[in-house]
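A look at the structure
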Amino acid sequence: MTETLHLPQGASRAEIYRALLPQIESLIAEVDDLIANLANIAAVLKQAFGFHWVGFYRTTAPDLLTLGPFQGPLACVTIAFDKGVCGAAARRRQTLIVPDVDAFPGHIACSSLSRSEIVVPLVQEGETRLVLDIDSDKPDDFSAVDQDWLERIVALIARRHFP
Ligand code: SME
């Protein structure tokens, strides 16, 4: 069981993601429980980057997301697919980067400190099964680099739990 995270010092965000990916892969390879794996992935991303909020929402009923494992402040428990950034990403079945949450119509402000957000859906057989949601307290904090690596992390979860 891998219990210590190895993070390169003074590295770029891309280099940190590169170092994290195989560690996440081996972490979740050893564990069969989805919730346990989502909890550890949220912890890894929080520890590596210090994001304001990192967590998952799972699709628990048609067009409804329910809060899953997360790290950060208290969060809203349910989000319909027609609400918020999470709902939009789940509905469109594609990653959304929101550089300024105040400019996104319908953004759900779980925390007033959130300034930018990225949401990556896990899509299996045309259905969104869960989303990875990350909020930053810095404006415009997410780029194509985050999208690329976070989609790879979500692909690891998909291979492990939604084959
Ligand atoms: N801001 C999200 C809601 C979830 S919280 O950020 C944890 C949204 O608009 O969907």
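Everything in this summary refers to the structure shown in the same document. (Residues numbered from 1 in each chain as written. Predicted model: local features only at pLDDT ≥ 70, side-chain atom pairs only at ≥ 80, totals over all residues. Heavy atoms only, no water.)

1. Here we look at the overall build of the protein
A tally of regular secondary structure across the protein gives four helices and six strands. For the protein, the sequential pattern of α-helices and β-strands runs α-α-β-β-β-α-β-β-β-α. For the protein, the C-alpha radius of gyration of 15 Å lies close to 15 Å, the compact-globule estimate for 163 residues. Projected onto its principal axes, the C-alpha coordinates of the protein cover approximately 40 × 35 × 25 Å. Counting the 163 residues in the protein, one finds 47% classified as buried. (Helix = DSSP H or I, 4+ residues; strand = E, 2+ residues; numbered from the N terminus. Rg over C-alpha atoms; globule rule 2.2 N^0.38 Å. Buried < 20%, exposed > 50% of the residue type's maximum accessible area, 1.4 Å probe, protein only.)

2. Structural notes on the state of the cysteines
Across all of its chains, the model carries one disulfide by this definition. Across the disulfide from C76 sits C110; the S-S distance is 2.3 Å. Sign of the S-S torsion, about -60° for the bond between C76 and C110, identifies this disulfide as left-handed. Remark: C110 occurs in the loop between β4 (96-98) and β5 (116-124) and C76 occurs in the loop between β2 (64-71) and β3 (78-80); sequence separation between them is 34 residues. Looking at C76, the relative accessible area reads 21%, which means it is partly exposed. Here C86 is not disulfide-linked; the sulfur of C110 is the nearest cysteine sulfur, at 7.7 Å. On the basis of relative accessibility, which here comes to 2%, the residue C86 falls in the buried class. (Disulfide = S-S within 2.5 Å.)

3. Some words on the site of the ligand
Around the ligand there are 13 residues in total, and V85, C86, I108, E117 and D135 lie nearest to it. The contact in question runs from a nitrogen atom of the ligand to an N or O atom on the backbone of I108, over 2.8 Å. For the ligand, a nitrogen atom lies 3.0 Å from a polar atom in the side chain of E117. Protein contact buries 99% of the 300 Å² of open area that the ligand shows by itself. Of all elements in the fold, only β1 (53-61), α3 (84-92) and β6 (127-136) reach the threshold of two or more residues within the shell around the ligand. Split by residue class, the shell around the ligand holds eight nonpolar, two polar and three charged. (Near = heavy atom within 4 Å. Polar contact = N/O pair within 3.5 Å; in protein donor to acceptor, adjacent residues only side chain to side chain. Areas by Shrake-Rupley, 256 points an atom, 1.4 Å probe, with all protein chains shown as cover. Nonpolar A, V, L, I, M, F, W, Y, C, P; charged D, E, K, R; others polar.)

4. A word on the nonpolar core
Grouped together as the largest cluster of nonpolar side chains are 34 residues, with contacts concentrated most on L20, L45, L132, I134 and L150. No other element matches helix α2 (residues 34-49), which puts eight residues into this core. Apart from residues no more than four positions distant in its own chain, L20 is found in contact with L5, L7, V44, L45, A48 and F49. Counting 18 residues, the second largest nonpolar core, distinct from the first, contains W53, L67, A90 and F104. (Core = buried A, V, L, I, M, F, W, Y, C linked by side-chain atoms within 4.5 Å. Contact = heavy atoms within 4.5 Å.)

5. Some remarks on helix α4 (residues 144-161)
Between its first and last C-alpha atoms α4 spans 25 Å; for 18 residues at 1.5 Å apiece the expected length is 26 Å, and the two agree. Against the buried residues of α4 lie α1 (13-29), α2, β1, β5 and β6. One side-chain oxygen of the residue at the start of α4 lies 3.1 Å from the amide nitrogen of V145, identifying that residue as S143. (Expected span 1.5 Å × (residues − 1).)

6. Quick look at the environment of N40
Relative to the elements of secondary structure, N40 occurs in helix α2. By relative accessible area, which is 31% here, N40 ends up partly exposed.

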